[in-house]
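# Descriptive structure summary
Here is what each chain is made of, one letter per residue.
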Amino acid sequence: MKILITGAGGQLGKELIRIFKENGDSVFSYSKQQLDITDCNQIKKILKKDEPDLIINTAAYTKVNLCEERLDKAYLINGIGPYYLAIEAKERGVKFFHISTDYVFSGDQSLPYKEEDITHPKTVYGKSKRLGEELVLNVCEDATIIRTSWLYGHGGENFVNTIKKISGNLDEIKVVNDQYGCPTYTKDLGVAIKSLIGKPPGIYHVTNKGSCSWYEFATAIINVLKRQTEVIPVSTKEYGLKTPRPLYSVLCNKKLNDNKISTRYWKEGLIEYLEKEAGAENED
């Protein structure tokens, strides 16, 4: 199978490249420097050249705070770019997967969000990602939208790496304890994406199993690392975030499970991730 991956320089993009190459697929990967998804002419040229069977769009503008200041950039990359890709995929009969986020929900409820629940984003990031979903499905009704959350992977900035770094220098750290979500390892998300290729199109929620607060997530990271750093729980108000985050963005994976695809518990993914990171550091 010939697979084209956008946003290939990101953590999920790198993981997908590895997974599909190991599977024996032909992979065409493009970082944001190599392919601007907001340039429809560039998209046309690349698709004409590569003739993929599947496009997986992982390209996104994910800097939540900066999205509030750079609305044009957020809506172009998260909304219009996926729309251009979907148009070309539709015209060429190419299967299209688009990665979205838990931020399309308000975070005001206390039960895991299902795919059919009403979206009501409160941030520019969430609104721009919801626009991307809507535009993609409007032009390519057989596209697959994959919403995920609290993503971390090798070769980039993420919460796990941040806690690992600062816990090596500080005796205590403060972490928010009233925001809940599903930590998701890019390897597990990538494996699930691969399994969804033969499944019906539509919207799927894909995360590791279980949920926790950022405080619980940070505590687990410290414990796996066997460090003595004290993690102090604070409220979102006390922490003083510049841009509001969903207080509860746990995603329900029932639709995924109904298609006989399952993910492992988030702590299992975290342990493997940190072990691999440690192994890579020892090799260096």
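Structure first, text after, so check above.
Sequence order as written defines the numbering, with residues in each chain counted from 1. At least 70 in pLDDT is required for a residue's local features to be given in this predicted model, at least 80 for side-chain atom pairs to be given and counted, and no such filter applies to totals for whole chains, interfaces and linings, which use all residues. Side-chain metrics in this entry use all non-hydrogen atoms of the structure; hydrogen atoms and water are not considered.

### Considering the pattern of salt bridges
Oppositely charged side chains can form a pair if their charged atoms are brought close together. In what follows, salt bridge is the name for a side-chain nitrogen of Lys or Arg lying within 4 Å of a carboxyl oxygen of Asp or Glu. Enumeration over the complete set of coordinates arrives at 16 salt bridges. As a salt-bridge pair, Asp50 and Lys49 come within 2.7 Å of each other at their nearest N and O atoms. When accessible area is computed with a 1.4 Å probe and restricted to protein chains, residues below 20% of their type maximum are described as buried, those above 50% as exposed, and intermediate ones as partly exposed. On the basis of relative accessibility, which here comes to 5%, the residue Asp50 falls in the buried class. Residue Lys49 is classed as exposed on the basis of its relative accessible area, which comes to 57%. Residues Arg130 and Glu134 are paired through a salt bridge, measuring 4.0 Å at the closest nitrogen-oxygen approach. Of this pair, Arg130 and Glu134 are both found in helix α5 (residues 124-139), four residues apart, which corresponds to roughly one turn of the helix. Looking at Arg130, the relative accessible area reads 25%, which means it is partly exposed. Several salt bridges converge on common partners, so that one network encompasses Lys187, Asp188, Arg264, Glu272 and Lys276. Going along the chain from the N terminus, every DSSP run of H or I of four or more residues is numbered as a helix, and every run of E of two or more is numbered as a strand.

### A look at the side chain of Ser249
By the secondary structure assignment, Ser249 is in the loop between α9 (236-239) and α10 (254-258). According to the relative accessible area criterion, Ser249 is buried, its value standing at 2%. There is a polar contact of 2.6 Å between the side chain of Ser249 and the side chain of Asp102. Contact criterion: two residues are considered in contact whenever any of their non-hydrogen atoms come within 4.5 Å of each other. Ignoring sequence-local partners within four residues, the contact set of Ser249 consists of Asp102, Tyr113, Trp150, Tyr180 and Gly181. Between N or O atoms, a polar contact is any pair within 3.5 Å; within protein, one atom must be a potential hydrogen donor and the other a potential acceptor, and residues adjacent in sequence are included only when both atoms are from side chains.

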